[in-house]
Amino acid sequence: GKALDVFHPKTVEEVRGKVMSSNRIVPRGGGTGLAGGAVPQNGLDIVLYLSNLIRIGKFDSERYTIVVEAGVILDELQGAVARHGLEFPVNPSSHEVCTIGGMIATDAVGSRAVKYGRTSNWIRWIEVIDGMGNLHRKGVTELSDYTGMEGITGVIVRACLKLSPLKKRT
């Protein structure tokens, strides 16, 4: 699609500022989604390219959780947690380039879906920016308002993910 502009925020505050100053926003992660939710329309939308939000934050080895920003690529997350004998078990075929925010926005599944389910099964909480630019933390009971919605209900900027012990696979 044609975009009015493409904005590359590096912080959550920059995302908030752009949301507050723009009426038409299209959040975009790695761009691997097949449903077309990240496609701007008729040169009217500003694409929020979230792939610069790449901070991997607090890791809790006792609770098997990690906090990440939306632009973290799945394979990079896997490398970071594998050192601790853990993994994020949802494994879409686009794992080399897909972002965590995009996986949440599409509620991605993958080759291990029968055993591990959807991305939403592995989220503790998300932080999302609403259309007014307000930042909210949403827990498990509110995830269905955002997961699988492709960014139409808010811009996902950060998440606390649950991890699983790393399995040896062939």
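Right above here is the structure, for reference.
Let me begin by describing the structure that accompanies this report. (Residues numbered from 1 in each chain as written. Predicted model: local features only at pLDDT ≥ 70, side-chain atom pairs only at ≥ 80, totals over all residues. Heavy atoms only, no water.)

Another aspect to go through is the overall build of the chain. Helix and strand counts for the chain come out as four helices and ten strands. When its helices and strands are written in sequence order, the chain yields β-α-β-β-β-β-α-β-α-α-β-β-β-β. On C-alpha atoms alone, the chain measures out to a radius of gyration of 15 Å, which is about the 15 Å that the 2.2 N^0.38 rule sets for 170 residues. C-alpha extents for the chain along the principal axes are approximately 50 × 30 × 25 Å. When contacts within the chain are restricted to residue pairs at least 6 apart in sequence, long-range pairs at least 24 apart make up 61% of them. Only carbon and sulfur atoms are counted for the fraction: they give 51% of the accessible area of the chain, which is about 9,000 Å². Separation of charge centres in the chain, based on 21 positive and 17 negative side chains, amounts to 4 Å. (Helix = DSSP H or I, 4+ residues; strand = E, 2+ residues; numbered from the N terminus. Rg over C-alpha atoms; globule rule 2.2 N^0.38 Å. Contact = heavy atoms within 4.5 Å. Areas by Shrake-Rupley, 256 points an atom, 1.4 Å probe, with all protein chains shown as cover. Lys, Arg positive; Asp, Glu negative; His and termini not counted. Charge placed at Lys NZ, Arg CZ, Asp CG, Glu CD.)

A few words now on the sheet that holds strand E1 (residues 5-7). Reading across the sheet, the three strands line up as E1-E3-E2 and stay open at both edges, with parallel pairing between neighbours. Two strands lie at the open edges of the sheet, namely E1 and strand E2 (25-28), each paired on one side alone. Averaged over all adjacent pairs, the angle separating strand axes in this sheet is 25°, with direction ignored. With three bridges joining them, E1 and strand E3 (residues 46-49) adopt parallel strand pairing. Residue pairing across strands places Asp5 opposite Ile46, the latter belonging to E3. Against the sheet, helix H1 (residues 12-21) contacts E1, E2 and E3, and its axis sits at roughly 170° relative to E3. (Pairing = 2+ DSSP bridges. Axes fitted to C-alpha atoms, helices over the stretch in contact; angles between N-to-C directions.)

Moving on: the side chain of Lys18. Locating Lys18 in the fold gives a position in helix H1. For the buried Lys18, no salt bridge exists, and the shortest N-O distance to an oppositely charged side chain is 4.9 Å, to Asp5. Apart from residues no more than four positions distant in its own chain, Lys18 is found in contact with Phe7, Ile25, Ile46 and Leu48. (Buried < 20%, exposed > 50% of the residue type's maximum accessible area, 1.4 Å probe, protein only. Salt bridge = Lys/Arg side-chain N within 4 Å of Asp/Glu carboxyl O.)

Turning to the packing of aromatic side chains, a few remarks are in order. The full count for this structure, using the stated rule, is one aromatic pair. Above the ring of Phe7, the side-chain terminus of Lys18 is found at 4.7 Å from the ring centroid. Between the NZ or CZ atom of Arg137 and the centre of the ring of Trp125, over which it lies, the distance is 3.6 Å. (Phe/Tyr/Trp six-rings, centres within 6.5 Å; stacked < 30°, edge-to-face > 60°. Lys NZ or Arg CZ within 6 Å of the ring centre and 35° of its normal.)

Spatial strand order, E4-E5-E9-E7-E8: five strands in an open sheet with antiparallel pairing. Two strands close off the open sheet at either side, each with one partner strand: strand E4 (56-60) and strand E8 (135-139). Going from strand to strand, the sheet's axes swing by 15° on average, the running direction of each strand aside. Direction of pairing for E4 relative to strand E5 (residues 65-69): antiparallel, over a ladder of three bridges. From the neighbouring strand, Asp60 faces E5, where its bridge partner is Thr65. Sheet strands touched by H1: E5, strand E7 (123-129), E8 and strand E9 (155-162). Its angle to E9, the strand with the most contacts, is close to 145°.

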